[in-house]
Amino acid sequence: MDAQKTKISRTQKEISQPKDFTDPEILYDNLIKAIREYHPSTDLSMVEKAYHLADNAHNDQKRKSGEPYIIHPLCVAMILAELELDKETIVAGILHDVVEDTSYSLEDITREFNEEVALLVDGVTKLGQLSYSQDKMDLQAENLRKMFLAMAKDIRVILIKLADRLHNMRTLQYMKPEKQKEKARETMDIYAPIAHRLGISKIKIELDDLSLRYLQPEVYRDLEEKMSSNKEERQAFINSIVEEVSEHIKEAGIKAEIDGRVKHFFSIYKKMRNQNKTLDQIYDIFAVRIKVDTVKDCYAALGVIHEMYKPIPGRFKDYIAMPKENMYQSLHTTLIGSSGTPFEIQIRTFEMHRTAEYGIAAHWKYKEGGGNINKEEEKLSWLRQILEWQQDMSDNREFLTMLKGDLDLFTEKVYCFTPQGDVKTLPAGSIPIDFAYMIHTAVGNKMVGARVNGRQVPIDYKLQNGDRIEIITSQNSNGPSRDWLSMVKSSQAKTKINQWFKSQFKEENILKGRELIEKYSKAKGLVLSTYMKPEYQKKCMIKYGLKTWDSVLAAVGHGGLKEGQVVNKLVEEYEKVHKKEMTDQDALNEIAEKNKQDKEHKKIRSKSGITVKGIHDVSVRFSKCCSPVPGDEIIGFVTRGRGISIHRTDCVNILSMPESDRARLMDAEWEEDAVTKNNGELYMTEVCLYAHNRTGILLDISKIFMELKVDIKSVSTRTSKQDLATIAISFEISGIDELNHIIKKLRNIESVIDVERNAG
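What you see is a predicted model; the values in this text were computed from it and never measured.

Parameters and conventions
Residues numbered from 1 in each chain as written. Predicted model: local features only at pLDDT ≥ 70, side-chain atom pairs only at ≥ 80, totals over all residues. Heavy atoms only, no water. Helix = DSSP H or I, 4+ residues; strand = E, 2+ residues; numbered from the N terminus. Buried < 20%, exposed > 50% of the residue type's maximum accessible area, 1.4 Å probe, protein only. Areas by Shrake-Rupley, 256 points an atom, 1.4 Å probe, with all protein chains shown as cover. Pairing = 2+ DSSP bridges. Axes fitted to C-alpha atoms, helices over the stretch in contact; angles between N-to-C directions. Core = buried A, V, L, I, M, F, W, Y, C linked by side-chain atoms within 4.5 Å. Contact = heavy atoms within 4.5 Å. Salt bridge = Lys/Arg side-chain N within 4 Å of Asp/Glu carboxyl O. Parallel < 35°, antiparallel > 145°, perpendicular 65-115°, else oblique. Left-handed = near helix turned anticlockwise from the far one by under 90°. Nonpolar A, V, L, I, M, F, W, Y, C, P; charged D, E, K, R; others polar. Expected span 1.5 Å × (residues − 1). Arc of directions from axis to C-beta. pLDDT = per-residue confidence, 0-100.

> For this particular structure, what's the right way to read the overall build of the protein chain?
Scanning the protein chain from N- to C-terminus turns up 33 helices and 20 strands. Within the span of the protein chain, comprising 760 residues, buried residues form 50% of the whole. As displayed, the protein chain offers around 37,000 Å² of accessible surface, 49% of which is attributable to carbon and sulfur atoms.

What follows is the structure in structure tokens.
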């Protein structure tokens, strides 16, 4: 029991008080001891050499904590050693910042060590810093693409990156509060889910808890206080359960190792949030783990446990017969103890426990003596799937949306069978269409019906655990329906259906997009060939997150982009280049020509600081759907009897406008004074704030507006069953810079998930 007490207190200490090592020599000695525990015969001269090189390279560098920088790479190497990884990975962990932050080159690493170590260091260096910002979605998607490509080349690259992130999270207290939140959100959304998918609960659990600590500090402190308030009582309860279970398992003749624990904070918080319950109402805060030698012993132990305690109905899960996607296996059952307190028991073999703790590292094929390569390949099947998706997707935003859905930790799963008895795992709420695309893209595209457990069902039937699914296909099928997109649950099915439509109508959309761009240019008196240079096209592709010019044309063709946006961007890039090349005489000529055009095409400037080209004597008003403010890219729309309404170019109503109405769009721009000077004019705008609901959040929001001296005009709120609050706020501002400053401040409020501007 004493060992168990030590285990519980140590785990909580690692999370609440990250380890501090001030002596690199002591840390290095601990690293060598850790490696020798699982590789007693390994020659560690390469590790020693890496330590001395890194220590010398980082000699003058300090971390934000003030300690020597070498502490960080040594801690990263220690985490990798705890995963029992090969010495090349540990050496690369020690050297992972050397190429990026010091004068050493990749060639130096190759020469001093070997090509394998150099490739690992290069892989980590190229990943760089992942930019996690809703304002930089395209950049984030590109960085994630790089990450998954690096993983495909050598999974050890991402293992080093996870170790790097874990140590950075352990020492996050030295960062500024806004940086803490940014890193914690990035960790919660990207790194923890990847650790989960690789099955490395040892890292995933700590990343989750550390992220919660900085994203929801009040929630974390409240949990910490409540959990520590009855620590002795809780420990006594766990000890009594372990003793009772040990006695009965021993009497049954089953050789087992049994320990107890309290679940980690994030797991408890997630259950409280998803089930809308208090801490006292959560069933399985306590967990007892039984480790045995064989699968047969797992089920025998389950029988003993169900004789001892009353199981709670619907709370038994067999992950041995139906493993999770990350190959996790265990029996889970929730029971009522003799005192009436519910607790969970997990039963697994020692090998299953090793897989649950270390994930893919437990079957490492690079390790001496090899590993279970088939298991590793199974674990990485999801990675191959992501690589297929990103090859097919030119749209970064679509890729990012799909990816986050695929990595989502909070999605419950449903387990179904093929007619041959193979288990398929799908998100809860999936329908036969999801199952069809899980089997194969061609099966989904040719699907015309489905049978569940031998009975014909509608295609929107919600799949249940244990269902046996048979997909009916036909070569005469016309392909998927657009209605399917709103029905399917899995990211994979949505992606494959979208790909089908894009490929079917791509040529048609490209032609249509080209025609719309040519028509728009002609109407504006532009010679399109002047602006259709590869360098201008590339800038346009980057702006809209598309990889080829055909993708831009197709996006215009199917309405995802407006032709005016594309042409205006091409013209803007052309003018940037040619303004630099102009001589003084050219500048004078241009000014003269501009004055001439201004006389020919009278402009109207409204009191609001808007100039609309090519029209005269008409009123201008701001649309309420998207509320443009100075600094926004804008466009005018000629209304019937109400003059011209001004919209943002990214307004939903403009982007989804029927082709027949596009001729009524007019170029519009802000007067320079409206953008660069504050003339006292105020403009109404609206933002939506998404947050975990809590007492005092409206007060915190009001304080921000009071401090910035911004007048709130209206507030509306609604709260979901999951206690997620959506708060719409209308207020007046002078321009886009002030708006961006307000949004940044709002995002730093505790419990806030994100802030978005109303786009129509």
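> I'm lost on the sheet that holds strand β4 (residues 331-336) in this one. Help?
Within a sheet, each strand pairs with its neighbour through backbone hydrogen bonds, oriented either parallel or antiparallel. Judged by pairing direction, the sheet is mixed, and its 5 strands sit side by side in the order β1-β2-β5-β4-β3 without closing on themselves. Of all strands in the sheet, those with a lone pairing partner are β1 (256-262) and β3 (310-318), marking the two edges. Averaged over all neighbouring strand pairs, the angle between strand axes comes to 20°, with direction disregarded. Pairing geometry for strand β2 (residues 286-292) and strand β5 (residues 342-349), over 6 bridges, is parallel. Each residue of the ladder has a partner; that of Val-288, found in β5, is Ile-345.

> Whenever I open this one, the sheet that holds strand β9 (residues 455-457) confuses me. Can you help?
Read from one edge of the open sheet, 3 strands run β9-β8-β10, paired in antiparallel fashion. Strands at the two margins of the open sheet, each flanked by one partner only, are β9 and β10 (469-473). Each strand of the sheet is rotated relative to its neighbour by a mean of 35°, with strand direction disregarded. Where strand β8 (residues 447-452) and β9 come together, 3 bridges link them in antiparallel fashion. When the bridges of β9 are listed, Arg-451 appears paired with Gln-456.

> How do you make sense of the nonpolar core when you look at a structure like this?
Nonpolar side chains tend to gather and get buried jointly when the protein is soluble and globular. Core analysis: the largest hydrophobic core is formed by 101 residues, its most contacted members being Leu-31 and Leu-95. With sequence-adjacent residues up to four places away left out, Leu-95 is seen in contact with Ala-50, Leu-53, Ala-54, Ile-109, Phe-113, Val-117 and Val-121. Formed by 32 residues, the second largest nonpolar core is a distinct cluster that contains Val-629, Val-687, Ile-736 and Ile-743.

> Explain the pattern of salt bridges here, please?
All chains considered together, the criterion is met by 19 salt bridges. Lys-569 is paired through a salt bridge with Glu-572; the nearest N and O atoms lie 3.7 Å apart. One end of the pair is Lys-569 and the other is Glu-572, both in helix α28 (residues 563-581) and 3 residues apart, which spans about a single turn. Residue Lys-569 is classed as buried on the basis of its relative accessible area, which comes to 11%. With relative accessibility at 33%, the residue Glu-572 sits in the partly exposed group. With a closest N to O distance of 2.6 Å, Arg-694 and Asp-700 form a salt bridge. The exposure class assigned to Asp-700 is partly exposed, which follows from its relative accessible area of 24%. One salt-bridge network, in which partners are shared between bridges, spans Asp-86, Glu-116 and Arg-156.

> What's the story with the environment of Ile-733 in this structure? I'm lost.
With respect to the element layout, Ile-733 can be found in strand β19 (residues 724-733). Residue Ile-733 is classed as buried on the basis of its relative accessible area, which comes to 0%. Taking the C-alpha atoms as reference points, Ile-733 and Val-710, 23 residues apart in sequence, are found 7.1 Å from one another. Excluding its chain neighbours within four sequence positions, the residues that come into contact with Ile-733 are Val-629, Glu-681, Leu-682, Tyr-683, Thr-685, Val-710, Glu-738, Leu-739 and Ile-742.

> Would you mind showing me how to read the side chain of His-96 here?
Note that His-96 resides in the loop between α5 (87-94) and α6 (98-101). Once you skip the residues sitting within four places of it in the chain, His-96 turns out to touch His-72, Pro-73, Val-76, Val-124, Thr-125, Ile-160 and Asp-164.

> Looking at this structure, I do not really get the packing of helix α4 (residues 71-82) against α5. What am I missing?
At a minimum axis distance of 7 Å, the contact between α4 and α5 shows a crossing angle of 160°. Relative to α5, the element α4 lies roughly antiparallel. The element α4 and its partner α5 pack so that their crossing is right-handed. Of α5, the residues touching α4 (which contributes Pro-73, Val-76, Ala-77, Leu-80 and Ala-81) are Thr-89, Ile-90, Gly-93 and Ile-94. Split by residue class, the contact of α4 with α5 holds 7 nonpolar, 2 polar and no charged.

> Hey, could you run me through the pairing of β8 in this one?
For a regular strand, side chains alternate in direction, first toward one face of the sheet and then toward the other. Examined bridge by bridge, β8 and β10 share 5 bridges and lie antiparallel to one another. Across the sheet, the residue bridging to Met-447 is Thr-473, located in β10.

> Looking at this model, I keep getting lost on helix α14 (residues 231-251). Mind explaining?
For an α-helix, 3.6 residues make a turn, and residues three or four places apart therefore share a direction. Its 21 residues give α14 an end-to-end C-alpha distance of 30 Å, which sits within 8% of 30 Å, the value for a rise of 1.5 Å per residue. Within α14, burial applies to Arg-234, Gln-235, Phe-237, Ile-238, Asn-239, Ile-241, Val-242, Val-245 and Ile-249.

> Please explain the packing of helix α32 (residues 697-707) against helix α33 (residues 736-747) as it appears in this structure.
Axis angle and axis distance: for two packed helices, these are the angle between their axes and the distance between the axes, and together they describe the pair. At a minimum axis distance of 10 Å, the contact between α32 and α33 shows a crossing angle of 145°. α32 and α33 meet at a crossing whose hand is right-handed. On α33, the residues that touch Ile-701, Ile-704 and Phe-705 of α32 are Ile-742, Lys-745 and Leu-746.

> How should the side chain of His-167 be read in this particular structure?
For His-167, the position within the fold is in helix α10 (residues 156-170). Setting aside residues up to four positions removed in sequence, His-167 forms contacts with Arg-63, His-72, Cys-75, Val-76 and Ile-79.

> When you look at α32 in this model, what are you seeing that I'm missing?
When α32 is considered as a whole, its buried residues turn out to be Ile-697, Ile-701, Ile-704 and Phe-705. Buried residues along α32 cover an arc of 95° about the axis, so they all sit on one side. Across from the buried face of α32, at angles greater than 90 degrees, the exposed residues are Leu-699, Met-706 and Glu-707. Those residues of α32 that are buried are in contact with β17 (683-692), β18 (712-719), β19 and α33. Lys-709, located one to two residues past α32, shows a positive phi value of around 60°.

> It is not clear to me how unusual backbone geometry should be interpreted in this structure. Could you clarify?
Leaving glycine aside, a negative phi is the common case for residues, and trans is the common case for peptide bonds. Backbone geometry at Ser-627 places phi at a positive 45°, although glycine is not the residue there. Checked against the element boundaries, Ser-627 lands in the loop between β13 (620-622) and β14 (634-638). Given a relative accessible area of 12%, Ser-627 falls into the buried group. The phi dihedral of Ser-751 is positive, around 85°, even though this residue is not glycine. Summarising the element assignment, Ser-751 is placed in the loop between α33 and β20 (752-757).

> So what exactly am I meant to see when it comes to the confidence of the model for the protein chain here?
Note: predicted coordinates in regions of low pLDDT should not be interpreted at a detailed level. Here the protein chain shows a mean pLDDT of 77. Residues at 70 or above account for 77%. Segment residues 598-607: pLDDT under 50, and 22 contacts once partners within four positions in sequence are set aside and those in other chains are kept.

> Which parts of the structure should I look at to understand the environment of Leu-198?
On the secondary structure map, Leu-198 appears in the loop between α11 (177-197) and α12 (201-215). For the pair formed by Leu-198 and Tyr-328, sequence separation is 130 residues and the distance between their alpha carbons is 9.8 Å.

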